[in-house]
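One letter stands for each residue in the lines below.
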Amino acid sequence: MLSASRGEGTQEIGWDFEALAMPYVDALYNTAYRMTRNAEDAEDLVQETYLKAYRYYDKFEEGTNLKAWLFKIMKNTFINNYRRQQQAPPQSDFAEIEESFETSVSKEATGQIKSPEEELLETVLDEHVQRALDELPADYRMVVLLADLEGFSYKEIAEILEVPVGTVMSRLYRGRRLLEAAMLHYAQGRGYLKSGDQPHKMRSRASSGEASGKQASEVKEFSEPA
Amino acid sequence: MDCKHLSEIVFLFFDNELEEEARRSVLEHLDGCPGCAREMDHTRRFFILVRQRCVRQSAPDHLRLRILTSFPHRQRTA
C-alpha cells in the first residue's frame, strides 16, 4: 500500500503510476460506460478503479500487463457495486431475440444454409450496433467489449474475468451470435429504433411463448449445438 | 478440416488465437469450399460492424481532473 510514511519513494511511485496508468482512462471509461449504461456511474466506477489501483500498486507485478490489471480491478468493482442493481432495460427485446437465435442455431446444426442475414448485415446502422451491444446480457457484453473493442487476447480476458479460457470462448461465441441476431433484429425494424420513429414492436411471441418468462439479464452457459 | 470444425473455430481465426498450422488448414479449406468462404466473409463483415462502427466514449475532462487530484502524490505537491 502506498502510504505517506514511505515519503519520497512513495512520491516517485505515485508519479510513475500516474504516467503508466492514466493512458488507459479512455479505454476504462468506454468499457465502464457500456457496462453501467450511464455517464455518472461510469465516472464513479473509473474513479474508484484508479483509487484502488493506486492503493494496491505495489501488488502489481512489474513487467506484466498493466492494462489487464486495471480492467480486472474495474471488473471486481463493477460486480461489487453495480451488478446487483443492474436491471434488464425495460424495453429490451432480448427474449424474442434469444428465441430467434435458438432457432437459427438449430437450423445451422441441421445443415440448413442461412443466407438472408448476409444481405441484412448491409442494413445495420451504427445505432443498431450500439443498441444491440447495450442490451446484451452483462456477462456476454463484458467479453465482447474486452475482445472486440479493447483487443484483449483470450488469455488476458480469462485473467481479467478470473474464469477459464474455455468459458471466455463459449461466452464470446454465444455473445457475438446474440449480438449479431440483435443487430439484425433492430435493422429489420423490429424493436425501438431511432428516436422519433414510431415504435412498431413485434411482440407476438412474448405473450404466448416460453420466452415471456425469460429475463434479458438471465445468463445461461452456452452449450454447443448437438 | 471439415465445414463443421471450421464453423466452430471461425472466431478463433479472426481473433488471431489459432496456431499457424491450424490457420493454414482453415485457409486451405476456404480455397476449396465456397460455402465456408461465404460464411467467413459474413463473419468478417460482422466484425467490421462491431469493431469500427461502435462509437467510443472518451473519458470527460472533469473525470481526468477528478482522478488526478485524488492521487496522494499530487495533493502533497499542490
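Structure's up top.
First, a word on scope: everything that follows refers to the structure included in this document. Note that the structure is predicted; figures quoted are calculated from it, not measured. (Residues numbered from 1 in each chain as written. Chains lettered and ligands numbered in written order. Predicted model: local features only at pLDDT ≥ 70, side-chain atom pairs only at ≥ 80, totals over all residues. Heavy atoms only, no water.)

### Thoughts on the environment of A:Leu149
Worth spelling out the cut-off: Helical segments are the DSSP runs of H or I of at least four residues, strand segments are the runs of E of at least two, and each set is numbered from the N terminus. For every residue, the accessible area obtained with a 1.4 Å probe (protein chains only) is divided by the maximum for its type, and the residue is called buried under 20%, exposed over 50%, and partly exposed between those limits. Whether two residues are in contact is decided by their heavy atoms: any pair within 4.5 Å suffices.
Residue position: A:Leu149 is located in helix 8 (residues 138–149). Note on A:Leu149: relative accessible area 6%, which makes it buried. In this structure, the C-alpha to C-alpha distance between A:Leu149 and A:Glu162, residues 13 residues apart in sequence, is 19 Å. Dropping the residues within four chain positions of it, A:Leu149 is found in contact with A:Asn30, A:Arg34, A:Val144, B:Val50, B:Cys54 and B:Arg56.

### Structural notes on the nonpolar core
A general trend in soluble globular proteins is that nonpolar side chains are found buried together. Put simply, the rule reads: We call a set of buried Ala, Val, Leu, Ile, Met, Phe, Trp, Tyr and Cys residues a nonpolar core when their side-chain atoms join them within 4.5 Å.
A:Val46, A:Tyr50, A:Leu179 and A:Met183 are the most contacted members of the largest nonpolar core, which has 80 residues in total. Tallying contributions element by element places helix 10 (residues 165–187) of chain A first for this core, with 10 residues. Here A:Leu179 is in contact with A:Ala132, A:Leu133, A:Leu136, A:Val144, B:Phe46 and B:Val50, once residues within four sequence places are set aside.

### Focus on the packing of aromatic side chains
Test applied: Aromatic rings from Phe, Tyr and Trp, taking only the six-membered ring of Trp, are treated as a pair when their centres fall within 6.5 Å; an angle between ring planes under 30 degrees marks them as stacked, one over 60 as edge-to-face, and anything in between as tilted.
All chains considered together, the criterion is met by 16 aromatic pairs over all chains. Measuring from ring centre to ring centre gives 5.0 Å for A:Phe17 and A:Tyr57, while their planes differ by 65 degrees; the resulting arrangement is edge-to-face. Separated by 40 residues along the polypeptide, A:Phe17 in helix 1 (residues 7–21) and A:Tyr57 in the loop between helix 3 (39–55) and helix 4 (66–81) bring together distant segments of the chain. A:Phe17 sits in the buried class, given a relative accessible area of 0%. Consider the rings of A:Tyr50 and B:Phe71, whose centres lie 6.5 Å apart with planes at 65 degrees: the pair is edge-to-face.

### Side note on the interface of chain B and chain A
Where we set the bar: What counts as buried area is the accessible surface, traced by a 1.4 Å probe, that two parts surrender upon association, with contributions from both included. Only one rule defines a salt bridge in this text: a Lys or Arg side-chain nitrogen within 4 Å of an Asp or Glu carboxyl oxygen. We call two N or O atoms a polar contact when they sit within 3.5 Å, provided that within protein one can donate a hydrogen and the other can accept it, with sequence-adjacent residues counted only if both atoms are side-chain atoms. Under the scheme applied here, ten amino acids are nonpolar (Ala, Val, Leu, Ile, Met, Phe, Trp, Tyr, Cys and Pro), four are charged (Asp, Glu, Lys and Arg), and all others, including Gly, are polar.
With 37 residues of chain B in contact, the opposing surface of chain A contributes 45 residues. Both faces considered, chain B and chain A share a buried interface measuring about 4200 Å² in area, 56% of it formed by carbon and sulfur atoms. Between chain B and chain A we count eight salt bridges in total. At the boundary of chain B and chain A, one finds 22 residue pairs in polar contact (both at pLDDT 80 or more). Mapped onto the side of chain B that touches chain A, the elements with two or more residues apiece are helix 1 (3–14), helix 3 (34–53), helix 4 (61–70) and helix 5 (72–77) of chain B. Residue contributions to the side of chain B that touches chain A peak at 10 residues, all from helix 3 of chain B. Here the side of chain B that touches chain A is built from residues that sort into 16 nonpolar, eight polar and 13 charged.

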